[in-house]
Amino acid sequence: MTNDKFISVEAIAKRYPAAGGGQTTIFENLWLSLPRGEFGCVIGHSGCGKTTVLNILAGLDQPTEGAVIVDGQAIEGTSLDRAVIFQSHALLPWRTVMGNVAYAVSSKWRGWDKAKVRAHVQRFIDLVGLTGSENKRPSELSGGMKQRVGIARALSITPKIMLMDEPFSALDALTRGSLQDEVRRICLETGQTTFMITHDVDEAMYLADKIYLMTNGPGAVIAEIVENPLPKDRARIDLHRHPYYYGLRNHIVDFLVTRSKTFTSSNPNHDPLHVPIVRPGIDDASVVPLQANAR
Amino acid sequence: MVSILLFCGFIAAWHLATRGSGEVAKMSPEYAALMGATATQGKSAMPGPFDVGAKLWEHIQRPFYDNGPNDKGLGIQLGYSIARVMIGYLLAVAVAIPLGFLIGMSPLMNKALDPFIQVLKPISPLAWMPLALYTIKDSSLSAIFVIFICSVWPMLLNTSFGVASVRKEWINVARTLEVGTVRRAFTVILPAAAPTILTGMRISIGIAWLVIVAAEMLVGGTGIGYFVWNEWNNLSITNVIIAILTIGIVGMLLDQVLARFTRMVTFPE
(Lines give C-alpha, C1' and ligand atoms only; values in the text may rest on other atoms or scores of the structure.)
Protein backbone atom coordinates (compact mmCIF):
# COMPACT_ATOMS: atom_id res chain seq x y z
CA MET A 1 0.00 0.00 0.00
CA THR A 2 1.76 3.09 -1.18
CA ASN A 3 0.19 6.08 0.43
CA ASP A 4 2.25 8.63 -1.42
CA LYS A 5 0.93 7.32 -4.72
CA PHE A 6 -2.75 7.25 -3.85
CA ILE A 7 -3.48 8.60 -7.31
CA SER A 8 -0.96 7.47 -9.88
CA VAL A 9 -1.24 8.49 -13.50
CA GLU A 10 1.13 6.30 -15.47
CA ALA A 11 2.32 7.11 -18.97
CA ILE A 12 -1.02 8.22 -20.31
CA ALA A 13 -1.33 9.64 -23.80
CA LYS A 14 -4.24 11.15 -25.69
CA ARG A 15 -4.25 11.36 -29.45
CA TYR A 16 -6.92 12.46 -31.85
CA PRO A 17 -7.01 11.78 -35.57
CA ALA A 18 -5.87 14.97 -37.27
CA ALA A 19 -7.81 16.61 -40.08
CA GLY A 20 -5.32 15.81 -42.85
CA GLY A 21 -4.69 12.21 -41.79
CA GLY A 22 -2.16 11.33 -39.11
CA GLN A 23 -2.67 12.15 -35.47
CA THR A 24 -2.59 15.08 -33.13
CA THR A 25 -0.96 14.25 -29.83
CA ILE A 26 -2.44 16.30 -27.02
CA PHE A 27 0.03 14.80 -24.55
CA GLU A 28 1.94 11.58 -24.20
CA ASN A 29 3.97 9.70 -21.58
CA LEU A 30 2.40 11.79 -18.83
CA TRP A 31 3.09 10.72 -15.26
CA LEU A 32 1.88 12.22 -12.03
CA SER A 33 1.06 11.06 -8.55
CA LEU A 34 -0.64 12.46 -5.50
CA PRO A 35 -0.49 11.18 -1.90
CA ARG A 36 -3.62 10.42 0.09
CA GLY A 37 -5.25 13.40 1.74
CA GLU A 38 -3.42 16.00 -0.34
CA PHE A 39 -4.69 18.65 -2.67
CA GLY A 40 -3.19 18.53 -6.17
CA CYS A 41 -3.68 21.13 -8.79
CA VAL A 42 -2.79 21.17 -12.47
CA ILE A 43 -2.24 24.63 -13.87
CA GLY A 44 -1.71 25.48 -17.51
CA HIS A 45 -3.05 27.43 -20.43
CA SER A 46 -6.35 26.51 -22.02
CA GLY A 47 -5.96 23.91 -24.71
CA CYS A 48 -3.01 22.17 -23.07
CA GLY A 49 -5.13 19.13 -22.27
CA LYS A 50 -5.58 19.59 -18.55
CA THR A 51 -9.32 19.02 -18.74
CA THR A 52 -8.64 15.83 -20.69
CA VAL A 53 -6.38 14.64 -17.85
CA LEU A 54 -9.20 15.27 -15.38
CA ASN A 55 -11.78 13.55 -17.58
CA ILE A 56 -9.51 10.53 -17.81
CA LEU A 57 -9.18 10.51 -14.03
CA ALA A 58 -12.95 10.72 -13.77
CA GLY A 59 -13.39 7.91 -16.29
CA LEU A 60 -15.43 10.08 -18.63
CA ASP A 61 -12.66 9.83 -21.22
CA GLN A 62 -10.22 7.01 -22.00
CA PRO A 63 -6.51 7.53 -22.52
CA THR A 64 -5.13 6.32 -25.84
CA GLU A 65 -2.25 4.75 -23.92
CA GLY A 66 -1.32 4.24 -20.29
CA ALA A 67 -3.32 3.74 -17.14
CA VAL A 68 -4.54 5.50 -14.05
CA ILE A 69 -4.25 3.76 -10.69
CA VAL A 70 -6.27 4.94 -7.73
CA ASP A 71 -5.78 3.32 -4.33
CA GLY A 72 -3.91 0.40 -5.86
CA GLN A 73 -6.46 -0.35 -8.56
CA ALA A 74 -6.47 0.56 -12.23
CA ILE A 75 -9.57 2.56 -12.99
CA GLU A 76 -12.05 1.47 -15.57
CA GLY A 77 -14.76 3.91 -16.55
CA THR A 78 -16.57 6.14 -14.13
CA SER A 79 -16.96 5.27 -10.49
CA LEU A 80 -18.70 6.43 -7.34
CA ASP A 81 -15.21 6.46 -5.78
CA ARG A 82 -14.35 9.50 -7.86
CA ALA A 83 -16.73 12.42 -7.57
CA VAL A 84 -16.60 15.23 -10.10
CA ILE A 85 -17.42 18.88 -9.56
CA PHE A 86 -18.19 20.29 -12.96
CA GLN A 87 -17.24 23.75 -14.16
CA SER A 88 -20.85 24.48 -15.06
CA HIS A 89 -22.18 22.94 -11.81
CA ALA A 90 -24.35 20.53 -13.91
CA LEU A 91 -27.26 20.43 -11.50
CA LEU A 92 -30.47 18.82 -12.73
CA PRO A 93 -32.78 21.84 -13.04
CA TRP A 94 -36.00 19.88 -12.45
CA ARG A 95 -34.81 18.71 -9.03
CA THR A 96 -34.53 20.71 -5.84
CA VAL A 97 -31.28 21.17 -3.93
CA MET A 98 -32.28 18.24 -1.74
CA GLY A 99 -33.28 16.23 -4.84
CA ASN A 100 -29.99 16.83 -6.60
CA VAL A 101 -27.88 15.68 -3.68
CA ALA A 102 -30.29 12.84 -2.89
CA TYR A 103 -29.94 11.60 -6.48
CA ALA A 104 -26.23 11.06 -5.85
CA VAL A 105 -26.76 9.54 -2.40
CA SER A 106 -29.42 7.09 -3.56
CA SER A 107 -27.22 6.15 -6.52
CA LYS A 108 -24.44 5.14 -4.17
CA TRP A 109 -26.58 3.43 -1.52
CA ARG A 110 -29.44 1.87 -3.48
CA GLY A 111 -30.97 0.16 -0.48
CA TRP A 112 -31.32 3.17 1.78
CA ASP A 113 -34.83 4.28 2.70
CA LYS A 114 -36.01 7.85 2.17
CA ALA A 115 -35.49 9.04 5.72
CA LYS A 116 -31.92 7.77 5.83
CA VAL A 117 -31.12 9.42 2.48
CA ARG A 118 -32.64 12.70 3.65
CA ALA A 119 -30.69 12.73 6.89
CA HIS A 120 -27.46 12.01 5.02
CA VAL A 121 -28.18 14.69 2.41
CA GLN A 122 -29.04 17.22 5.10
CA ARG A 123 -25.61 16.77 6.69
CA PHE A 124 -23.86 17.76 3.48
CA ILE A 125 -26.24 20.63 2.70
CA ASP A 126 -25.42 21.96 6.17
CA LEU A 127 -21.71 21.41 5.54
CA VAL A 128 -21.68 23.71 2.50
CA GLY A 129 -23.82 26.30 4.27
CA LEU A 130 -27.05 25.92 2.33
CA THR A 131 -29.32 25.13 5.28
CA GLY A 132 -32.75 26.56 4.52
CA SER A 133 -32.48 26.28 0.74
CA GLU A 134 -33.18 22.54 0.57
CA ASN A 135 -36.38 22.92 -1.41
CA LYS A 136 -35.23 25.56 -3.87
CA ARG A 137 -34.62 24.71 -7.48
CA PRO A 138 -31.27 25.50 -9.13
CA SER A 139 -32.85 28.36 -11.11
CA GLU A 140 -33.63 30.13 -7.82
CA LEU A 141 -30.02 29.96 -6.64
CA SER A 142 -27.09 32.26 -7.35
CA GLY A 143 -24.05 30.95 -9.19
CA GLY A 144 -22.11 30.48 -5.96
CA MET A 145 -24.96 28.62 -4.28
CA LYS A 146 -25.32 26.32 -7.30
CA GLN A 147 -21.66 25.41 -7.08
CA ARG A 148 -22.11 24.77 -3.34
CA VAL A 149 -24.78 22.25 -4.24
CA GLY A 150 -22.32 20.73 -6.73
CA ILE A 151 -19.76 20.42 -3.93
CA ALA A 152 -22.34 18.92 -1.54
CA ARG A 153 -23.34 16.41 -4.22
CA ALA A 154 -19.73 15.39 -4.78
CA LEU A 155 -18.91 15.11 -1.06
CA SER A 156 -22.15 13.32 -0.15
CA ILE A 157 -21.05 10.07 -1.77
CA THR A 158 -17.87 10.15 0.36
CA PRO A 159 -15.57 9.61 -2.63
CA LYS A 160 -11.97 8.47 -2.40
CA ILE A 161 -11.01 11.44 -4.51
CA MET A 162 -12.76 14.59 -5.51
CA LEU A 163 -12.09 15.95 -8.99
CA MET A 164 -12.71 19.59 -9.78
CA ASP A 165 -12.65 21.05 -13.26
CA GLU A 166 -12.14 24.81 -12.92
CA PRO A 167 -14.98 24.81 -10.42
CA PHE A 168 -14.91 28.51 -9.62
CA SER A 169 -14.06 30.03 -12.99
CA ALA A 170 -17.66 30.98 -13.75
CA LEU A 171 -18.08 32.86 -10.47
CA ASP A 172 -17.41 36.47 -9.55
CA ALA A 173 -14.29 37.23 -7.50
CA LEU A 174 -15.98 37.62 -4.11
CA THR A 175 -18.04 34.45 -4.40
CA ARG A 176 -15.02 32.60 -5.67
CA GLY A 177 -13.02 33.68 -2.64
CA SER A 178 -15.59 32.56 -0.10
CA LEU A 179 -16.10 29.23 -1.90
CA GLN A 180 -12.36 28.62 -1.95
CA ASP A 181 -12.36 29.19 1.81
CA GLU A 182 -15.16 26.65 2.18
CA VAL A 183 -13.43 24.06 0.02
CA ARG A 184 -10.17 24.50 1.91
CA ARG A 185 -11.94 24.17 5.28
CA ILE A 186 -13.86 21.07 4.16
CA CYS A 187 -10.79 19.40 2.63
CA LEU A 188 -8.71 20.01 5.74
CA GLU A 189 -11.49 18.82 8.04
CA THR A 190 -12.29 15.65 6.14
CA GLY A 191 -8.82 14.84 4.81
CA GLN A 192 -10.33 14.60 1.36
CA THR A 193 -7.91 13.80 -1.46
CA THR A 194 -8.64 16.37 -4.12
CA PHE A 195 -7.46 17.00 -7.63
CA MET A 196 -8.22 20.27 -9.33
CA ILE A 197 -7.73 21.86 -12.73
CA THR A 198 -7.34 25.62 -12.88
CA HIS A 199 -5.71 28.50 -14.69
CA ASP A 200 -5.93 30.80 -11.70
CA VAL A 201 -2.53 31.20 -10.01
CA ASP A 202 -3.88 32.54 -6.71
CA GLU A 203 -6.44 29.77 -6.48
CA ALA A 204 -3.72 27.15 -6.94
CA MET A 205 -1.45 28.80 -4.37
CA TYR A 206 -4.18 29.07 -1.77
CA LEU A 207 -5.67 25.61 -2.14
CA ALA A 208 -3.04 23.22 -3.43
CA ASP A 209 -0.29 21.28 -1.68
CA LYS A 210 1.23 20.27 -5.00
CA ILE A 211 0.98 22.33 -8.16
CA TYR A 212 1.68 20.59 -11.45
CA LEU A 213 2.85 23.00 -14.12
CA MET A 214 1.72 21.88 -17.55
CA THR A 215 3.27 23.20 -20.77
CA ASN A 216 1.27 24.25 -23.80
CA GLY A 217 -0.09 21.61 -26.11
CA PRO A 218 0.03 19.84 -28.44
CA GLY A 219 2.61 17.51 -26.96
CA ALA A 220 2.08 18.97 -23.49
CA VAL A 221 4.19 17.70 -20.57
CA ILE A 222 4.23 18.23 -16.82
CA ALA A 223 7.26 20.49 -16.57
CA GLU A 224 7.61 20.82 -12.83
CA ILE A 225 5.91 19.91 -9.62
CA VAL A 226 5.80 22.87 -7.29
CA GLU A 227 5.52 21.95 -3.63
CA ASN A 228 3.64 24.70 -1.95
CA PRO A 229 6.02 26.25 0.62
CA LEU A 230 3.27 28.25 2.31
CA PRO A 231 2.19 26.99 5.75
CA LYS A 232 -0.67 24.50 5.95
CA ASP A 233 -2.69 26.85 8.16
CA ARG A 234 -2.51 29.69 5.64
CA ALA A 235 -5.36 32.16 5.53
CA ARG A 236 -6.44 34.20 2.55
CA ILE A 237 -6.14 37.50 4.43
CA ASP A 238 -2.39 37.50 5.12
CA LEU A 239 -1.27 35.05 2.45
CA HIS A 240 0.42 37.76 0.42
CA ARG A 241 2.50 38.89 3.43
CA HIS A 242 4.23 35.56 3.71
CA PRO A 243 7.92 35.73 2.74
CA TYR A 244 7.58 32.89 0.24
CA TYR A 245 4.47 34.29 -1.37
CA TYR A 246 6.04 36.39 -4.12
CA GLY A 247 8.76 33.86 -4.86
CA LEU A 248 6.10 31.22 -5.43
CA ARG A 249 3.79 33.49 -7.33
CA ASN A 250 6.53 34.83 -9.59
CA HIS A 251 7.74 31.32 -10.29
CA ILE A 252 4.31 30.16 -11.47
CA VAL A 253 3.53 33.33 -13.40
CA ASP A 254 6.93 33.22 -15.10
CA PHE A 255 6.25 29.68 -16.12
CA LEU A 256 2.80 30.45 -17.50
CA VAL A 257 3.89 33.60 -19.31
CA THR A 258 7.16 32.50 -20.87
CA ARG A 259 8.47 29.06 -19.99
CA SER A 260 5.29 27.14 -20.81
CA LYS A 261 5.85 27.91 -24.49
CA THR A 262 9.59 27.23 -24.67
CA PHE A 263 9.97 24.48 -22.08
CA THR A 264 9.82 21.50 -24.46
CA SER A 265 12.42 22.90 -26.85
CA SER A 266 14.81 24.19 -24.16
CA ASN A 267 14.69 20.98 -22.09
CA PRO A 268 15.22 18.11 -24.55
CA ASN A 269 16.31 15.80 -21.72
CA HIS A 270 13.17 16.28 -19.66
CA ASP A 271 12.27 12.94 -18.09
CA PRO A 272 8.51 12.71 -17.60
CA LEU A 273 9.01 9.97 -15.00
CA HIS A 274 11.22 12.15 -12.83
CA VAL A 275 9.72 15.57 -13.01
CA PRO A 276 11.78 18.08 -11.03
CA ILE A 277 10.23 19.11 -7.74
CA VAL A 278 10.75 22.74 -6.86
CA ARG A 279 9.96 24.71 -3.75
CA PRO A 280 10.19 28.36 -4.73
CA GLY A 281 11.32 30.43 -1.78
CA ILE A 282 12.70 27.58 0.32
CA ASP A 283 15.14 26.34 -2.34
CA ASP A 284 15.76 29.79 -3.67
CA ALA A 285 18.67 31.55 -1.92
CA SER A 286 17.74 34.92 -3.33
CA VAL A 287 14.58 34.99 -1.25
CA VAL A 288 15.62 35.87 2.26
CA PRO A 289 12.96 34.91 4.75
CA LEU A 290 11.78 37.96 6.57
CA GLN A 291 12.23 38.20 10.28
CA ALA A 292 9.34 36.90 12.27
CA ASN A 293 8.64 40.34 13.71
CA ALA A 294 8.49 41.86 10.25
CA ARG A 295 5.12 40.29 9.65
CA MET B 1 -61.59 43.57 -24.94
CA VAL B 2 -60.49 44.24 -28.52
CA SER B 3 -61.40 40.61 -29.27
CA ILE B 4 -64.97 41.20 -28.10
CA LEU B 5 -65.28 44.37 -30.20
CA LEU B 6 -63.94 42.57 -33.27
CA PHE B 7 -66.37 39.70 -32.64
CA CYS B 8 -69.34 42.10 -32.39
CA GLY B 9 -68.22 43.87 -35.57
CA PHE B 10 -67.95 40.55 -37.37
CA ILE B 11 -71.43 39.45 -36.27
CA ALA B 12 -72.90 42.80 -37.34
CA ALA B 13 -71.25 42.62 -40.77
CA TRP B 14 -72.42 39.05 -41.18
CA HIS B 15 -75.97 40.04 -40.21
CA LEU B 16 -76.03 42.96 -42.64
CA ALA B 17 -74.62 40.87 -45.48
CA THR B 18 -77.18 38.09 -45.13
CA ARG B 19 -80.38 39.95 -44.23
CA GLY B 20 -83.24 40.09 -46.76
CA SER B 21 -83.58 43.03 -49.14
CA GLY B 22 -87.38 43.03 -49.15
CA GLU B 23 -89.82 41.56 -51.65
CA VAL B 24 -88.19 41.14 -55.08
CA ALA B 25 -91.12 40.08 -57.25
CA LYS B 26 -94.86 39.79 -57.09
CA MET B 27 -96.02 36.22 -56.87
CA SER B 28 -98.89 34.26 -55.42
CA PRO B 29 -98.46 33.38 -51.72
CA GLU B 30 -98.55 29.60 -52.46
CA TYR B 31 -95.75 29.99 -54.99
CA ALA B 32 -93.83 32.21 -52.63
CA ALA B 33 -94.09 29.57 -49.91
CA LEU B 34 -92.68 27.01 -52.33
CA MET B 35 -89.83 29.26 -53.42
CA GLY B 36 -88.75 30.19 -49.87
CA ALA B 37 -87.38 33.42 -48.51
CA THR B 38 -84.23 33.35 -50.65
CA ALA B 39 -86.14 33.90 -53.86
CA THR B 40 -89.04 35.99 -52.60
CA GLN B 41 -87.36 38.44 -50.24
CA GLY B 42 -83.88 38.61 -51.73
CA LYS B 43 -82.58 36.87 -48.63
CA SER B 44 -79.06 35.50 -48.97
CA ALA B 45 -78.74 31.72 -49.12
CA MET B 46 -76.15 32.12 -46.41
CA PRO B 47 -77.77 31.86 -42.96
CA GLY B 48 -77.44 34.89 -40.73
CA PRO B 49 -75.88 34.85 -37.24
CA PHE B 50 -79.26 34.56 -35.55
CA ASP B 51 -80.24 31.48 -37.58
CA VAL B 52 -76.96 29.87 -36.64
CA GLY B 53 -77.36 30.91 -33.01
CA ALA B 54 -80.84 29.45 -32.80
CA LYS B 55 -79.75 26.18 -34.41
CA LEU B 56 -76.72 25.98 -32.16
CA TRP B 57 -78.96 26.40 -29.12
CA GLU B 58 -81.07 23.50 -30.41
CA HIS B 59 -77.95 21.35 -30.75
CA ILE B 60 -76.73 22.29 -27.29
CA GLN B 61 -80.07 21.38 -25.77
CA ARG B 62 -80.16 17.97 -27.44
CA PRO B 63 -76.58 16.90 -28.13
CA PHE B 64 -77.08 13.15 -27.94
CA TYR B 65 -80.26 12.31 -29.88
CA ASP B 66 -80.11 9.46 -32.38
CA ASN B 67 -82.72 9.33 -35.15
CA GLY B 68 -80.98 6.78 -37.31
CA PRO B 69 -77.72 6.85 -39.31
CA ASN B 70 -78.31 10.22 -41.02
CA ASP B 71 -79.54 12.19 -38.03
CA LYS B 72 -77.49 12.00 -34.90
CA GLY B 73 -76.83 14.67 -32.30
CA LEU B 74 -73.72 16.84 -32.56
CA GLY B 75 -72.44 15.42 -29.28
CA ILE B 76 -72.54 11.85 -30.60
CA GLN B 77 -70.70 12.83 -33.79
CA LEU B 78 -68.04 14.71 -31.82
CA GLY B 79 -67.75 11.78 -29.44
CA TYR B 80 -66.97 9.42 -32.33
CA SER B 81 -64.36 11.78 -33.74
CA ILE B 82 -62.66 12.39 -30.41
CA ALA B 83 -62.63 8.66 -29.65
CA ARG B 84 -60.96 7.90 -33.00
CA VAL B 85 -58.41 10.65 -32.52
CA MET B 86 -57.65 9.47 -28.99
CA ILE B 87 -57.17 5.81 -29.95
CA GLY B 88 -54.99 6.61 -32.96
CA TYR B 89 -53.07 9.24 -31.02
CA LEU B 90 -52.41 7.05 -27.98
CA LEU B 91 -51.21 4.23 -30.23
CA ALA B 92 -48.86 6.74 -31.84
CA VAL B 93 -47.60 7.86 -28.41
CA ALA B 94 -46.96 4.24 -27.46
CA VAL B 95 -44.91 3.69 -30.61
CA ALA B 96 -43.24 7.07 -31.17
CA ILE B 97 -41.86 7.77 -27.71
CA PRO B 98 -39.99 4.48 -27.10
CA LEU B 99 -38.78 4.49 -30.71
CA GLY B 100 -37.74 8.14 -30.38
CA PHE B 101 -35.72 7.23 -27.27
CA LEU B 102 -34.00 4.45 -29.17
CA ILE B 103 -33.16 6.74 -32.09
CA GLY B 104 -32.07 9.57 -29.82
CA MET B 105 -29.85 7.43 -27.62
CA SER B 106 -28.24 5.38 -30.37
CA PRO B 107 -26.49 7.20 -33.22
CA LEU B 108 -26.45 3.91 -35.14
CA MET B 109 -30.23 3.53 -35.06
CA ASN B 110 -30.54 7.19 -35.91
CA LYS B 111 -28.54 6.73 -39.10
CA ALA B 112 -30.26 3.42 -39.93
CA LEU B 113 -33.84 4.66 -39.55
CA ASP B 114 -33.40 8.19 -40.84
CA PRO B 115 -33.95 7.41 -44.56
CA PHE B 116 -37.21 5.58 -43.80
CA ILE B 117 -38.49 8.42 -41.66
CA GLN B 118 -37.53 11.01 -44.25
CA VAL B 119 -39.50 9.16 -46.94
CA LEU B 120 -42.52 8.29 -44.82
CA LYS B 121 -42.90 11.65 -43.09
CA PRO B 122 -43.98 13.81 -46.06
CA ILE B 123 -46.71 11.37 -47.20
CA SER B 124 -50.14 12.88 -46.74
CA PRO B 125 -51.90 10.72 -44.17
CA LEU B 126 -54.96 10.42 -46.43
CA ALA B 127 -52.82 8.76 -49.09
CA TRP B 128 -52.67 5.77 -46.75
CA MET B 129 -56.45 5.52 -46.71
CA PRO B 130 -56.99 3.19 -49.72
CA LEU B 131 -54.22 0.89 -48.54
CA ALA B 132 -55.69 0.89 -45.04
CA LEU B 133 -59.20 0.19 -46.33
CA TYR B 134 -57.90 -2.67 -48.45
CA THR B 135 -55.82 -4.32 -45.73
CA ILE B 136 -57.93 -3.59 -42.65
CA LYS B 137 -61.31 -3.85 -44.41
CA ASP B 138 -62.97 -1.72 -41.77
CA SER B 139 -63.60 1.96 -42.37
CA SER B 140 -63.55 2.98 -38.73
CA LEU B 141 -60.26 1.18 -38.03
CA SER B 142 -58.82 2.69 -41.19
CA ALA B 143 -59.61 6.17 -39.91
CA ILE B 144 -57.83 5.29 -36.66
CA PHE B 145 -54.85 4.03 -38.64
CA VAL B 146 -54.70 7.29 -40.58
CA ILE B 147 -54.72 9.25 -37.33
CA PHE B 148 -51.96 7.02 -36.01
CA ILE B 149 -49.77 7.49 -39.04
CA CYS B 150 -50.19 11.28 -39.11
CA SER B 151 -49.48 11.80 -35.41
CA VAL B 152 -46.50 9.47 -35.20
CA TRP B 153 -43.97 11.61 -37.10
CA PRO B 154 -43.90 14.87 -35.16
CA MET B 155 -43.70 12.93 -31.90
CA LEU B 156 -41.01 10.60 -33.19
CA LEU B 157 -38.84 13.44 -34.50
CA ASN B 158 -39.28 15.63 -31.45
CA THR B 159 -38.59 12.77 -29.05
CA SER B 160 -35.43 11.70 -30.83
CA PHE B 161 -34.27 15.30 -31.11
CA GLY B 162 -35.05 16.00 -27.47
CA VAL B 163 -33.30 12.84 -26.31
CA ALA B 164 -30.25 13.42 -28.50
CA SER B 165 -29.80 16.99 -27.34
CA VAL B 166 -29.90 16.39 -23.59
CA ARG B 167 -26.97 18.32 -22.16
CA LYS B 168 -23.78 16.30 -22.07
CA GLU B 169 -23.01 17.46 -18.53
CA TRP B 170 -26.25 15.95 -17.18
CA ILE B 171 -25.40 12.66 -18.82
CA ASN B 172 -21.91 12.92 -17.32
CA VAL B 173 -23.41 13.46 -13.87
CA ALA B 174 -25.34 10.22 -14.27
CA ARG B 175 -22.24 8.46 -15.58
CA THR B 176 -20.03 9.52 -12.68
CA LEU B 177 -22.74 8.27 -10.31
CA GLU B 178 -22.71 4.87 -12.02
CA VAL B 179 -26.38 5.16 -12.95
CA GLY B 180 -27.45 2.36 -15.31
CA THR B 181 -28.87 2.97 -18.78
CA VAL B 182 -32.51 2.34 -17.87
CA ARG B 183 -32.41 4.45 -14.72
CA ARG B 184 -30.52 7.14 -16.63
CA ALA B 185 -33.23 7.17 -19.32
CA PHE B 186 -35.95 7.71 -16.72
CA THR B 187 -34.20 10.00 -14.23
CA VAL B 188 -32.14 12.22 -16.49
CA ILE B 189 -33.09 11.93 -20.16
CA LEU B 190 -36.87 11.76 -19.76
CA PRO B 191 -37.21 14.87 -17.56
CA ALA B 192 -34.65 16.77 -19.63
CA ALA B 193 -36.33 15.92 -22.94
CA ALA B 194 -39.92 16.13 -21.67
CA PRO B 195 -40.60 19.70 -22.84
CA THR B 196 -39.46 18.84 -26.38
CA ILE B 197 -41.43 15.59 -26.36
CA LEU B 198 -44.58 17.38 -25.18
CA THR B 199 -44.15 19.98 -27.91
CA GLY B 200 -44.12 17.15 -30.45
CA MET B 201 -47.23 15.68 -28.86
CA ARG B 202 -48.92 19.07 -29.10
CA ILE B 203 -48.12 19.38 -32.80
CA SER B 204 -49.39 15.84 -33.31
CA ILE B 205 -52.76 16.35 -31.65
CA GLY B 206 -53.28 19.43 -33.84
CA ILE B 207 -52.52 17.48 -37.00
CA ALA B 208 -54.64 14.53 -35.87
CA TRP B 209 -57.63 16.81 -35.35
CA LEU B 210 -57.11 18.36 -38.80
CA VAL B 211 -56.91 14.96 -40.44
CA ILE B 212 -59.87 13.31 -38.70
CA VAL B 213 -62.34 15.65 -40.44
CA ALA B 214 -61.02 14.78 -43.87
CA ALA B 215 -60.75 11.09 -43.02
CA GLU B 216 -64.34 10.91 -41.80
CA MET B 217 -65.57 12.66 -44.92
CA LEU B 218 -64.02 9.79 -46.84
CA VAL B 219 -65.04 6.84 -44.67
CA GLY B 220 -68.47 8.20 -43.70
CA GLY B 221 -70.87 6.74 -41.21
CA THR B 222 -70.17 8.68 -38.07
CA GLY B 223 -68.05 11.53 -36.79
CA ILE B 224 -67.92 15.28 -37.15
CA GLY B 225 -66.30 15.09 -40.59
CA TYR B 226 -69.11 12.92 -41.84
CA PHE B 227 -71.58 15.33 -40.22
CA VAL B 228 -70.16 18.25 -42.22
CA TRP B 229 -70.43 16.35 -45.49
CA ASN B 230 -73.88 14.99 -44.72
CA GLU B 231 -75.20 18.47 -43.88
CA TRP B 232 -73.67 19.76 -47.11
CA ASN B 233 -75.64 17.11 -48.95
CA ASN B 234 -78.73 18.25 -47.01
CA LEU B 235 -77.85 21.82 -48.07
CA SER B 236 -77.99 22.84 -44.43
CA ILE B 237 -75.38 25.58 -44.43
CA THR B 238 -76.39 26.46 -40.87
CA ASN B 239 -75.32 23.06 -39.62
CA VAL B 240 -72.12 23.22 -41.66
CA ILE B 241 -71.24 26.52 -40.01
CA ILE B 242 -72.05 25.10 -36.59
CA ALA B 243 -69.86 22.09 -37.30
CA ILE B 244 -66.98 24.32 -38.40
CA LEU B 245 -67.31 26.31 -35.20
CA THR B 246 -67.38 23.17 -33.06
CA ILE B 247 -64.35 21.68 -34.80
CA GLY B 248 -62.45 24.87 -34.05
CA ILE B 249 -63.43 24.91 -30.39
CA VAL B 250 -62.62 21.24 -29.80
CA GLY B 251 -59.27 21.66 -31.57
CA MET B 252 -58.47 24.61 -29.33
CA LEU B 253 -59.39 22.65 -26.20
CA LEU B 254 -57.19 19.69 -27.21
CA ASP B 255 -54.31 22.08 -27.80
CA GLN B 256 -54.86 23.79 -24.45
CA VAL B 257 -54.77 20.48 -22.59
CA LEU B 258 -51.41 19.61 -24.15
CA ALA B 259 -50.14 23.13 -23.54
CA ARG B 260 -50.95 22.70 -19.85
CA PHE B 261 -49.05 19.40 -19.73
CA THR B 262 -46.10 21.09 -21.43
CA ARG B 263 -46.05 23.81 -18.79
CA MET B 264 -46.12 21.16 -16.07
CA VAL B 265 -42.93 19.48 -17.27
CA THR B 266 -41.05 22.62 -18.31
CA PHE B 267 -38.28 23.55 -15.90
CA PRO B 268 -36.62 26.95 -15.60
CA GLU B 269 -32.86 26.91 -16.02
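Not measured: the values here are computed from a predicted model. (Residues numbered from 1 in each chain as written. Chains lettered and ligands numbered in written order. Predicted model: local features only at pLDDT ≥ 70, side-chain atom pairs only at ≥ 80, totals over all residues.)

Below, the discussion takes up the sheet that holds strand E11 (residues 277-278) of chain A. Strand pairing in a sheet takes place through backbone hydrogen bonds and is either antiparallel or parallel in direction. Residues and elements named next belong to chain A. Taken together, 7 strands build an open sheet; the order of strands is E6-E7-E8-E3-E9-E10-E11 and the sheet is mixed. Of all strands in the sheet, those bounded by a partner on one side alone are strand E6 (82-85) and E11. As paired elements, strand E9 (residues 210-214) and strand E10 (residues 222-227) share 5 bridges and run antiparallel to each other. By the bridge assignment, Leu-213 is partnered in E10 with Glu-224. Packing of helix H7 (residues 245-266) onto the sheet brings it into contact with strand E3 (39-43), E9 and E10, and relative to E10 it is tilted by some 165 degrees. (Pairing = 2+ DSSP bridges. Helix = DSSP H or I, 4+ residues; strand = E, 2+ residues; numbered from the N terminus. Contact = placed C-beta atoms within 7 Å. Axes fitted to C-alpha atoms, helices over the stretch in contact; angles between N-to-C directions.)

Moving on, we get to the domain arrangement of chain B. Accessible area lost upon the coming together of the parts serves often as the stated size of an interface. All names here are of chain B. Splitting chain B by domain gives domain 1 (1-46) and domain 2 (47-265). Just the C-alpha atoms count here: the centres of domain 1 and domain 2 sit 39 Å apart. Tallying the contact residues gives 6 residues for domain 1 and 4 residues for domain 2. (Domains from an automatic or database assignment.)

Further remarks concern the pairing of strand E1 (residues 7-17) of chain A. Residue and element names in this part refer to chain A. Across 8 bridges, E1 lies against strand E2 (residues 23-34) in antiparallel orientation. Opposite Tyr-16, over in E2, you have Thr-24 as the bridge partner. The loop that links E1 with its antiparallel partner E2 comprises 5 residues; one of these, Gly-21, has a positive phi angle of about 80 degrees. Across 5 bridges, E1 lies against strand E4 (residues 65-70) in antiparallel orientation. Counted as the bridge partner of Ala-13 is Glu-65 from E4.

A few words now on the packing of helix H7 (residues 129-136) of chain B against helix H8 (residues 139-164) of chain B. If you want to describe how two helices pack, look at the angle between their axes and the distance between the axes. Residue and element names in this part refer to chain B. The N-to-C vectors of H7 and H8 enclose an angle of 135 degrees; their axes lie 9 Å apart at closest approach. By the angle between their axes, H7 is oblique relative to H8. Relative to H8, H7 is oriented so that their crossing is right-handed. Packed against H7, whose contacting residues are Met-129, Ala-132, Leu-133 and Ile-136, the element H8 presents Ser-139, Leu-141, Ser-142, Phe-145 and Val-146 at the interface. Residues that form the contact of H7 with H8 fall into these classes: 7 nonpolar, 2 polar and no charged. (Parallel < 35°, antiparallel > 145°, perpendicular 65-115°, else oblique. Left-handed = near helix turned anticlockwise from the far one by under 90°. Nonpolar A, V, L, I, M, F, W, Y, C, P; charged D, E, K, R; others polar.)

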